[in-house]
Every structure is written in structure tokens, then in C-alpha cells.
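# Geometric and topological summary
Below are the chains, spelled out letter by letter.
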Amino acid sequence: MRNEKVRREGLLVLPLAAIFFMACAVGTGAQRWEWTTSAPESQGMDSAKLDAAWADLKGRSTKAFLVIRNDRIVYERYAAGFGRTKPHYTASLAKALVGGVSLMVAMDDGRIRPDDPAGKYIPEWVHDARKSRITIRHLATHTSGIEDAEEGGAPHERLTGWKGDFWKRLDPPRDPFTLARDVAPVLEPPGTKARYSNPGMAMLSYCVTAGLRGAKDADLRSLLKARIMSPLGVPEGEWTCGYGAATLLDGMTLVANWGGGSFSPNATARIGRLMLRKGDWQGKRLITGRTVTSATTHAGIPNGSGLGWWTNRGAGGDRQWKAVPDDAFAGIGAGQQILLVVPSLDLIVVRYGELMDKSLSFDAGLEAYVMNPVIGAVASGRGAPYPPSPVIKAVLWAPASEIVRKGEGSDNWPLTWAGDGNLYAAYGDGYGFDPKIPEKRSLGLARISGFPPSFNGVNVRSPTGEQRGDGKTGRKASGMLMVDGVLYMWVRNAGNSQLAWSGDHGKTWTWSRWKFTTSFGYPTFLNFGRNYQGARDGYVYVYSHDNDSAYAPADRMVLARVPKGRIGDRDAYEFFDGLDAGGEPLWTRDIARRQAVFSHPGKCYRSSISYNPGLKRYLWSQTLPGGDARFRGGFGVYDAPEPWGPWTTSFFTAQWDVGPGETSGFPTKWMGEDGRTLYLVFSGEDSFSVRKATLTLAE
């Protein structure tokens, strides 16, 4: 692992000329891709917690703090004189940005392999008893055994002998590469001990450059510019490397990879994005996914390292950063510069500045002031009752400014896709769409045509369907479904709930002579495609929180099913009774034997569920109880391969960036064919509110 020596590596201040060194800079001809910004809550993060993190960081010599989630900048703050595009020294973070990335490109080109002996590229080592056993992997993971150019914590300018000369970057034969190759001793057998080594990284640069002989881009600076930085669209002046210089040795142009970098937060974050996306940049493969994985996961040797990158999963399988997910990796440098990437959270963090707390160890300071606060601000998964989805990596919400709101003053809005191609909905405690009806209804009906953002809502008048009353005193719809041309509606506040159906698209309704009087206080239908096309079987599925009242939360959700030809027959209903030993559902006619199909103690409330055929997953949107969800609150989206689970979490937040409403769901009509593009209909702001969602899927 890194030791205290890494703090001092970056103390040499880059000259101004180096920042603008033209050989390192990127031309402006590359097509630019730009970040977009979103409120933290829209991406499952807590803005108050990020504000608190920055309030602490800015008092701890922090120059830049950039947080990106789900490909959106959700938070960025800078000290005076700094900004997203201003370069800042990276110190040993260059070991990842320059050393790790250049190694990956050379690996992809077949010019070098991690388990190659370094002697393949360094003839002077072939006959050395210890150096001949050093591999590229050893050099890239600080396990080569080569002594570091440090001495008792002394500043570099006070070091003498070869160690002092290493940092002066003299001409050959006292240059850092020759010193690392010929003078620096190997203190233990390679691969047996973690020993931080700047000379070891220098020899990694030497080997990669030797592997590039005859290539179009034959040095690390040229390689990075042509293969990485230009394609990433990093503009001229936002990055330099190698202390703005190079060493001519053995017919090669050698560039430092152990330090000497200056990268803007934007440039560093783009490299983080490339690593998070497994080498893909807007559909262009810059590095193969296999190579990125091999470099950013534990290398299988006694150090917490991949190839040039630090990994959270250590040699013994333990986390090095306890509060951070296992798959996290980072580049880290003196002054506690850090690029943290957490693929499972789709999270990128950049922090630049100086040492934050001399009373803490280097890594403890990073955890205390950067890692733990940012991870603590991630709402998704924090408090969620189920683990992250194996299919849906992230839900990206359109900006709040793009939400379409109609039917102002009305809420609820359960939906179904009917045989005539329209969506049918019911609203509560309002007047419906414009032009509004003259009298307020606790239950009104509507038809929605078209697609977002240009859909149109029309009120459907029905003397037998509409209801009067306010709040708990008025009947309200909780679920809508069309099957074989018949529109079905679950109505709550009816002691506990009652079924109604219409054969003429909502104009006239027949009410069941029976009610659910045990549980099922807020029943909703599982919706499939148009007119129930694409259903998994011949049943209709009904979900509710396990409570008699629509206004009180429960510890669990329950499930019933009924043959689709007998929906109006109470005796035909069966209730989920758990799973058998083979994981198959058990069913009972006795409602008293019902079992939980989903559990979240004290948090199960109102919900809507639909099938996404593009993903072959069931998506269940559940509002969290507490407060007035029309204007503030949270919700979760859970997914499963079957109507009874197993459930995993696609999205979860205790506080969304807008009010999620007391009901929300994904109408199947508005799902893209590949299942990746959806529209959430929710009752936030007491309206028919529509927000686009784009799903990021696991590979």
C-alpha cells in the first residue's frame, strides 16, 4: 500500500512553461463531448451531505472537489483561482493517469504483457539474479523489491547520492531511468512484499517505451495524446505529463510516469469515465474491457493494487477503504490528490489540494474527508431493502426542467395500456385535464393519447365511475388494467378495496358485490403490454402493502393472482404463500395464509408495477411513506425476473430532487423496444407529471 513517502513526491512545483508544454497538449480538432449537470437528488445523492463534505474540505486546503454520478456532474466546488478546466499538479496520481493508462494501451497493442519478464525490455537485467525475476506486473504494483528513492522522510532536495539525483532529473547517466535501472538495489525477492517504489515505476515507463519501438507513437506522451486524450476531447492546455520534459536514453524518448503530471479536474474525470465504462468512449473502444478490468482489479500479489491503480479489494480479500464498495479503484498522489471510481455506484470523484490532516495517516485522511462523506451522500442503496440490480446499473433521470406536468390539481394517476392504443387513467381529488370538469371528484377518469413530451389528456365522464369526497372519505382508484377489451379498476377507501370494470372504455362501470376486507388496502395491477398482450401466463396479478388502510405503511407487500377470465370472481383469487424448496411460488385460497412477496419494515406503502419486455424484468415503483410526497420525499424502483422476485434495487432515494408524489409507475406503452428508455408518471406537484428515465445496463 502507499506509505508516507507518497506525500512528498509531489512537492516539486511545476514551472509555468510546463503547464503549456505544447508536445503534451491536445489539439482542438477532436469532437467534444461535454458533461451535463443534475441536482444530486436526481441521481440518488444527498445535496445536504455533499454541502457538508465541501464545508469541511474547503477548510482543509482543497482546491477542487468534483462528484459525478450516472454520467452527470452532481456537485463541484473550487477554491478561488481554480476551476473545472484549470490544471493542477497530480503527484503520484500520474502513476495511474500516465503509467497505468499507457501500459493498458500498450497491452492492447500486443507490445507488452503483465507477466513478461522486465528483462525482455531491459537487457541489463537478464543476468542479474534478482532483477531477472522482476515482471511488468511487479513494476506496476510496487512489488518489484526495488528500493524507493526516499530516506527517513527527508525532503527530496535534501537527499544525497542516487536518491537525491533521482528527483533532480539530471542528464544520463545520472538521470532517473539509468539510476533506477543500474543503481537502485532490489531489497527482497520480487513479488514477495509490497514496497512503494518510484524507481520501479520509472522502469515500468522504460519497459513500456521499449515495447513501443517502431510504433507511430513511440513515447508515453505521444501515445497518450493520440490514443487517449485527443479522443476524450481534453482541450489543449488542460494536461501535461512527465514534468514537461523527457530523457533521451538508449534510442528512446522516456517520459516520467511516477509524477510530474498536471491535469485539470475535467481531464482527470474523463479518464475516470473511460475506466468506469471499461474503455468505451461514446461508442469508440479506446481500451478493451478485458484490459481495463485487469488493470483496475486486484493483481493477485501482496499489495492493494491493480496495474498502476489502487484497488479497494486487497490481497486477502479485505477492503482497504471500509465504507467504499469492493469494486472501487483509485489513482492517488501526494497532497491527497485522488481520482476515485466506483463502478457499482456509477460514481467518479476528483479531489485536488494539499494534505488535509497531519494527525491522520495518508489513507485515513482520504477516507475521513473524501471517501466516507461522498459514499455517505449516495442515497441509492443506502436504506434500500434489497441489493443492487444485476441488470440495471443506474437510472438516469432527465433534468427537472424537462418534467412535463398536466392535469394540475389532481393526483393518483394509475394507468393501463388499452386495446385502442390509448392509456387510461384515474385521478383523485381534482378536476382532471384541461379543460377541467366543473366539479371536483375524488375519483375521475381520463384517456391519454400520444407520447411524451407531446401527449394529450382528455377527461372521460362517467356517472357510474366517478366518485365524490375528499381525502379518506372519498373513494379513489389505486390500480388500472385492461384485459381482452375490459377495463378493470381497483378502488381504495372502500373498506378496504373494491373492484369495478367497464366494457366501454370507462363510460359505464359495474361494481363487484364483494370487497377485500383483510389487507389489500391499496391494490394495484401488474401491467403488461397493450390490452394485456405479452403476459407471462393466463393470470392477472394484484399487489398491495399488507394493510387495511391506504394511509398507513406496512412492513411487507403481498400478492394475489386470479385467472384473467375470472377477475370479478372473489372465489377465484389465490394468495402468495411463499416459495417452495425449488424457488417456485406457492399459492393458497386462504388470505390469512398470505406471505410477504417483498419486505421493507415500516416502508411499504403505495406502488405500481409493470413488465419491461425489453429487459425481461418486472419494475416495481414504491413510494416511501412520511411527509407530503407531492412536494418532497423518496421512492424506490425494484426489479425482478418473476412477479414474485427475487427483488433487487434499480433506484432508491430518501429524498428525490422533486416531489415523487404518492404514486408513480412506468406505463408500458412508453417503454422503448430495448427497455432502456422509460417514462415515469408520478403525482408530484399534484399533477400528471412525466419524467424521462434512461437505464444504464450492466455488461
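What you are looking at is a predicted structure, and each value in this text was computed from that prediction instead of being measured. Sequence order as written defines the numbering, with residues in each chain counted from 1. Where totals are concerned, whole chains, interfaces and linings use all residues; where local detail is concerned, this predicted model gives features only for residues with pLDDT of at least 70, and gives and counts side-chain atom pairs only at 80 or more. Water and hydrogen atoms play no part in the side-chain values, which are based on all heavy atoms of the structure.

### Quick notes on the overall build of the protein
For the protein, the count of helices and strands is 12 helices and 37 strands. Seen through its C-alpha atoms, the protein measures out along the principal axes to roughly 95 × 55 × 50 Å. Split into buried and exposed, the 699 residues of the protein put 61% on the buried side. Throughout, a contact is declared for two residues whenever any of their heavy atoms are within 4.5 Å. Considering only contacts in the protein between residues 6 or more positions apart, those separated by 24 or more positions represent 61%. Here a helix means four or more residues in a row that DSSP labels H or I, a strand means two or more in a row labelled E, and each is numbered from the N terminus. The buried label goes to any residue with under 20% of its type's maximum accessible area, the exposed label to any with over 50%, and the partly exposed label to all in between, with areas taken from a 1.4 Å probe on protein chains only.

### Section: the packing of helix H4 (residues 94-108) against helix H11 (residues 289-296)
Where H4 meets H11, the closest approach of the two axes is 10 Å, and the angle between their N-to-C directions is 140 degrees. Considering their axes alone, H4 and H11 lie oblique with respect to each other. Between H4 and H11 lies a crossing of right-handed hand. Contacts from Met104, Met107 and Asp108 of H4 reach H11 at Thr291, Val292, Ser294 and Ala295. Residue type decides the class: Asp, Glu, Lys and Arg count as charged, Ala, Val, Leu, Ile, Met, Phe, Trp, Tyr, Cys and Pro as nonpolar, and the leftover types, Gly among them, as polar. Of the residues in the contact of H4 with H11, the class split is four nonpolar, two polar and one charged. Note on definitions: angles span 0 to 180 degrees between N-to-C directions of axes, and those axes are lines fitted to C-alpha atoms, for helices only across the stretch in contact. Just so you know how the angles are binned, under 35 degrees is roughly parallel, over 145 roughly antiparallel, 65 to 115 roughly perpendicular, and the rest oblique. Crossings are classed by handedness, with left-handed meaning an anticlockwise turn of the near helix from the far one by less than a right angle and right-handed meaning a clockwise turn.

### A closer look at the packing of aromatic side chains
Centre distance within 6.5 Å is the pairing criterion for rings of Phe, Tyr and Trp, where only the six-membered ring of Trp is used; planes under 30 degrees apart are then read as stacked, over 60 as edge-to-face, and the remainder as tilted. Under the criterion given, the structure shown has 48 aromatic pairs. Ring plane angle 65 degrees and centroid distance 5.9 Å describe the contact between Phe65 and Tyr75, whose orientation is recorded as edge-to-face. Of this pair, Phe65 sits in strand E2 (residues 62-69) while Tyr75 is found in strand E3 (residues 72-78), placing the two residues 10 residues apart along the sequence. As far as burial versus exposure is concerned, Phe65 and Tyr75 are alike and both buried. In this scheme, the term charge over a ring applies when either NZ of a lysine or CZ of an arginine sits within 6 Å of the ring centre and within 35 degrees of the ring normal. The side chain of Arg77 reaches across the aromatic face of Tyr75, ending 4.0 Å from its centre. For the cation-ring pair, Arg169 lies above Tyr243, with the distance from its terminal atom to the ring centre recorded as 3.8 Å.

### Digging into the sheet that holds strand E13 (residues 337-342)
Strands are treated as partners if at least two bridges between them are detected by DSSP. The seven strands lie next to each other as E1-E3-E2-E14-E13-E12-E11, forming an open sheet whose pairing is mixed. Across the chains shown, the open sheet's two edge strands, defined by having one partner strand only, are strand E1 (36-37) and strand E11 (310-311). Pairing analysis gives seven bridges linking E2 to strand E14 (residues 347-353), with the strands arranged antiparallel. If you follow Ile68 over to E14, its bridge partner there is Ile348.

### Some thoughts on the state of the cysteines
Pairs of cysteine sulfur atoms within 2.5 Å are identified as disulfides in what follows. According to the stated counting rule, one finds zero disulfides in the structure shown. No disulfide involves Cys207; its nearest neighbouring cysteine sulfur is the one of Cys241, lying 18 Å away.

### Side note on the sheet that holds strand E5 (residues 239-240)
The sheet built from three strands is open, its strands ordered E4-E8-E5 with antiparallel pairing. Unpaired on one side and paired on the other, strand E4 (88-89) and E5 mark the two borders of the sheet. Across two bridges, E5 lies against strand E8 (residues 262-263) in antiparallel orientation. Paired with Thr240 across the two strands is Ser262, which belongs to E8.

### A closer look at the pattern of salt bridges
Pairing is possible between side chains of opposite charge, provided their charged atoms come close. Here, a salt bridge means any side-chain nitrogen of Lys or Arg that lies within 4 Å of a carboxyl oxygen of Asp or Glu. Evaluated as defined, the whole model comprises 43 salt bridges. Here Arg227 and Asp109 are joined by a salt bridge, their closest N and O atoms 2.8 Å apart. Taken together, the positions of Arg227 in helix H9 (residues 220-232) and Asp109 in the loop between H4 and helix H5 (136-140) put the pair 118 residues apart, joining distant regions of the chain. We classify Asp109 as partly exposed; its relative accessible area is 35%. Linking Asp165 and Lys168 is a salt bridge whose minimum nitrogen-to-oxygen distance equals 3.7 Å.

### Some points on helix H8 (residues 198-211)
Along an α-helix, residues three or four positions apart point the same way, because every turn accommodates 3.6 residues. A helix is expected to reach a length of 1.5 Å times the quantity of its residues less one. Here H8 contains 14 residues, and its C-alpha end-to-end distance of 20 Å stays within 8% of the 20 Å for a straight helix at 1.5 Å per residue. When you tally the buried positions in H8, you get 14 out of 14 residues, the bulk of the element. Where H8 starts, the residue carrying a side-chain oxygen 2.8 Å from the main-chain nitrogen of Gly200 turns out to be Ser197. Pairs of N or O atoms are called polar contacts if they sit within 3.5 Å, as long as, within protein, a hydrogen donor faces a hydrogen acceptor (for residues adjacent in sequence, only side-chain-to-side-chain pairs).

### Here we look at the nonpolar core
Only buried Ala, Val, Leu, Ile, Met, Phe, Trp, Tyr and Cys residues count toward a nonpolar core, and they belong to the same one when joined by side-chain atoms within 4.5 Å. If you look at the biggest cluster of nonpolar residues, it comprises 83 residues, and the most contacted ones within it are Leu139, Ile228 and Trp309. With residues up to four places along the chain from it excluded, the contact list for Ile228 reads Val101, Val105, Leu223, Leu274, Leu286 and Ile287.

### Points about the environment of Ala629
In this structure, Ala629 sits in the loop between strand E32 (617-623) and strand E33 (635-640). Placed 57 residues apart in sequence, Ala629 and Asp686 show a C-alpha to C-alpha distance of 9.5 Å. When neighbours within four sequence positions are excluded, Ala629 is seen to be in contact with Thr623, Gly659, Pro660, Gly661 and Glu662.

### Section: helix H12 (residues 362-376)
In this model H12 runs 20 Å from its N-terminal to its C-terminal C-alpha over 15 residues, within 8% of the 21 Å that 1.5 Å per residue would give. Where H12 is concerned, the buried positions are Phe362, Asp363, Gly365, Leu366, Glu367, Tyr369, Val370, Met371, Val374 and Ile375.

### Notes on the environment of Ala80
Mapped onto the elements, Ala80 comes out in the loop between E3 and E4. Linking Ala80 and Asp250, residues 170 residues apart in sequence, is a C-alpha distance of 45 Å.

### Brief notes about unusual backbone geometry
Of the consecutive residues Pro452 and Pro453, the connecting peptide bond is found in the cis state with omega at 5 degrees. Here the amide bond leading from Gly645 into Pro646 is cis, since omega sits at -5 degrees, within 30 degrees of zero. Along the chain, Pro646 turns up in the loop between E33 and strand E34 (648-653). The backbone phi angle of Asp71 is positive, close to 70 degrees, even though this residue is not glycine. Note that Asp71 resides in the loop between E2 and E3. The phi torsion at Asp686 lies on the positive side, around 55 degrees, for a residue other than glycine. Residue position: Asp686 is located in the loop between strand E36 (677-682) and strand E37 (688-697). Using a relative accessible area of 16% as the deciding quantity, one classes Asp686 as buried.

### Looking at the side chain of Arg181
Position of Arg181 among the secondary structure elements: in helix H7 (residues 176-183). Here the side chain of Arg181 touches Glu124 through a polar contact of 3.3 Å, side chain to side chain. Ignoring anything within four residues of it in the chain, the contact list for Arg181 reads Ile122, Glu124, Trp125, Lys131, Met203, Tyr206, Leu249 and Asp250.

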